Amino acid sequence: MSNSSRTERQPRLVIVTGCQRSGTSLVGQIVGAHPQALLLDEDEGMMRWARALLAGDPRRHLLLPGLLARAAEKYRVGNPRIVRRPLRPTALHPDITHLVLKAPNLTYSHAAIARLPGPVKIIHPVRDVRAVVASMDRLRGTDIAANQLRLLRQDPGAAATYAQEIAMLGDPGVAKHLKRALVWRIKSCAHAHFADAGLDPLVFRYEDCVADPRAFAERIATHVGLPSAEAMVGHAEVLQGDGPGALDRERPIDRGSLGKWQQVLTPREEREILGLVGDAMEELGYDRSPQLSEEQRPATSGQTDLRDAPVIVTGRGGSGTRLISGIVQQCGVFLGNELNVSADSLEWVDTIYPIAIEKHATEGDPPPERRANWTAALRSTAERIRSDGKLADDALWGFKLPEAMLIAPELLEAFPEAKVVHLVRHPVTSSLRRTHVTSRTDNVVGEAVCASAYRAVGRDPALAESDPDWRRNAITWRYQVDPVARLGKALGPERYLEISFEELCADPTATRQRVLAFLGREAGDMPPIPVSKRRAATRLWLRPQKKWIWRLCGETARMLGYGPV
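Residues numbered from 1 in each chain as written. Predicted model: local features only at pLDDT ≥ 70, side-chain atom pairs only at ≥ 80, totals over all residues. Heavy atoms only, no water.

K.L.:
Teacher, can you tell me more about the sheet that holds strand 2 (residues 37-40) here?
P.N.:
Whenever strands of a sheet pair, they do so through backbone hydrogen bonds, lying parallel or antiparallel. Read across the open sheet, the five strands follow the order 2-5-1-6-7; overall the sheet is parallel. Whereas interior strands pair on both sides, the edge strands pair on one side only; in this sheet they are strand 2 and strand 7 (202-205). Along the sheet, successive strands turn relative to each other by an average axial angle of 20°, direction set aside. Relative to strand 7, strand 6 (residues 120-126) runs parallel, the two being bridged by four bridges. (Pairing = 2+ DSSP bridges. Helix = DSSP H or I, 4+ residues; strand = E, 2+ residues; numbered from the N terminus. Axes fitted to C-alpha atoms, helices over the stretch in contact; angles between N-to-C directions.)

This is the structure we're talking about:
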């Protein structure tokens, strides 16, 4: 494995195997965040190097330096993992003792892995098949079952072992959800092959890991021969950017995806999946009893509590939404069980993001059945979060997420008594700041939003890749802010509160009083709000882009009370 003349130090290999959408990415992040580890991912060319390694191909030495360099880019500044040397190949940093391969597609390669000369540790997470099938369904543009069929046919050993499964996967008459369940059974139960090969895999359930991540991080560290490290449960502070399969590396460990499958699968699909792979579920410690009912849940429109009335805190990302989130929480509003450093309600990400992507990636109005599914998903998420938080029916609750702007009408359809707190900022200062996830094309949400926003202003969406950040910011600012502002005018002052970032910075106490009045709360003994007035100050007269931005966004800005700068 050495990529230099320093052949005496061989890093230990840690390979994360299992079925896609079963927590392999999370486990890779946990181990890869350890100060003595470097995570290698599929989108960095890892599989090409891994296959050369397993085949004993000498080209692996040529492939490794580039792979190490690409892998190191996902680590934040201050976390060196490699050493770049003039006129010599890139090498591992001396502190790195473990290479972590997040490689579910090496699950069929137990025999080749067992033949490697150095020490290898296998980590094999598993997950409820229903959640895996539903997650595969939400991964648009990737047919995991078809990809696995191709890999199984290419591997002579796997082709012989799974001949019956290969026939079913290749049968066009077999439903997609059953093919996905079949892939889950093949790959989840493959841990037995690693055990038979003497590789002693660490097998555990994804659900248990997210319930107690610290305990499982310690188990994982012990298994692979690393000391415990706090960074393993704080990987979001070590890694950055996006990864394969729409992975957000900066998302902390949370339980937000548990139970999401109930919003995707039908009762009939659940029964068919249980009938096909129920035995394997039980072997892995899952209850194979069906959880979905054919009966419709009772209507909730007649409820007298606040379950239909969340406080939705939103605003264009980078506009100071973290500050307004803090104020809303001071006013006694529960915003969720899992908040990140920006005070975003992380438990809503897995529900709001897919709806936003589907809505903005598709031209025209969604059909009624899709809107009904979205409503059910949003209400189910709210019910789970409130239950986890043990909220009383009359407890004031809500959530804060900038991307909620993208589905504001759908949220109001799901929660007919909702109140909206909308933080706005002058389009010029907002556009001349750093980008937000919704104004970049390097992620699935931003890609969908940018394309729709560019079409809305009559600009070729292909230009989003080459346009400067400020122009993309301006186009997406108008696309996101204008509909919410107009919707707010229709809601009226009882249900819509618009706060400018500038007034928040100028007088945060007065802003808090407005929020309290809007929510019908009494002012108690509250701590001061730490806001620097300099945050709103910029040297805009030095920026020539301001005229272009104002021409594009001026109409919306005037509706918000802004003038040209």
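K.L.:
Looking at this model, I keep getting lost on helix 23 (residues 546-559). Mind explaining?
P.N.:
The α-helix winds at 3.6 residues per turn, so residues separated by three or four positions along the chain end up facing the same way. Given a rise of 1.5 Å per residue, 14 residues ought to cover 20 Å, and the 18 Å separating the end C-alpha atoms of helix 23 matches this to within 8%. At Cys553, helix 23 shows its largest bend, some 70°. Against helix 18 (427-431) and helix 20 (469-491) lie the buried residues of helix 23. Phi for Gly561, located one or two positions after helix 23, is positive at around 95°. (Expected span 1.5 Å × (residues − 1). Bend = angle between axes of the 7 residues up to and from the residue. Contact = heavy atoms within 4.5 Å.)

K.L.:
Looking at this model, I keep getting lost on the pattern of salt bridges. Mind explaining?
P.N.:
Any two side chains of opposite charge can pair, on the condition that their charged atoms come close. Going through the model one piece at a time under the given rule, you end up with 30 salt bridges. The partner of Arg251 in a salt bridge is Asp350, with the nearest N and O atoms 2.7 Å apart. Of this pair, Arg251 sits in the loop between strand 9 (247-248) and helix 13 (267-283) while Asp350 sits in helix 15 (residues 349-361), placing them 99 residues apart in sequence. The class of Asp350 is buried, set by a relative accessible area of 18%. (Salt bridge = Lys/Arg side-chain N within 4 Å of Asp/Glu carboxyl O. Buried < 20%, exposed > 50% of the residue type's maximum accessible area, 1.4 Å probe, protein only.)

K.L.:
What's the story with unusual backbone geometry in this structure? I'm lost.
P.N.:
Only a minority of non-glycine residues have a phi that is not negative, and only a minority of peptide bonds are not trans. In this structure, Asp200 is a non-glycine residue whose phi angle is positive, near 50°. Along the chain, Asp200 turns up in the loop between helix 10 (191-196) and strand 7. The phi dihedral of Ala343 falls on the positive side, at around 65°, and the residue is not glycine. Taking the relative accessible area as the measure of exposure, Ala343 reaches 10% and is therefore buried.

K.L.:
Explanation requested: the packing of aromatic side chains in the structure shown.
P.N.:
Two descriptors summarise a pair of aromatic rings, namely the distance from one centre to the other and the angle between the planes of the rings. For the structure on display, the rule yields five aromatic pairs. Ring pairs connect the aromatic residues Trp348, Trp397, Phe399 and Phe415, which therefore count as one cluster. The ring of Phe518 has Lys419 sitting right over it, with the charged end atom 5.0 Å from the ring centre. A cation over an aromatic ring shows up here: Arg471 above the ring of Trp548, its NZ or CZ 4.8 Å from the ring centre. (Phe/Tyr/Trp six-rings, centres within 6.5 Å; stacked < 30°, edge-to-face > 60°. Lys NZ or Arg CZ within 6 Å of the ring centre and 35° of its normal.)

Remember, this is a structural readout, not a statement about activity or role.
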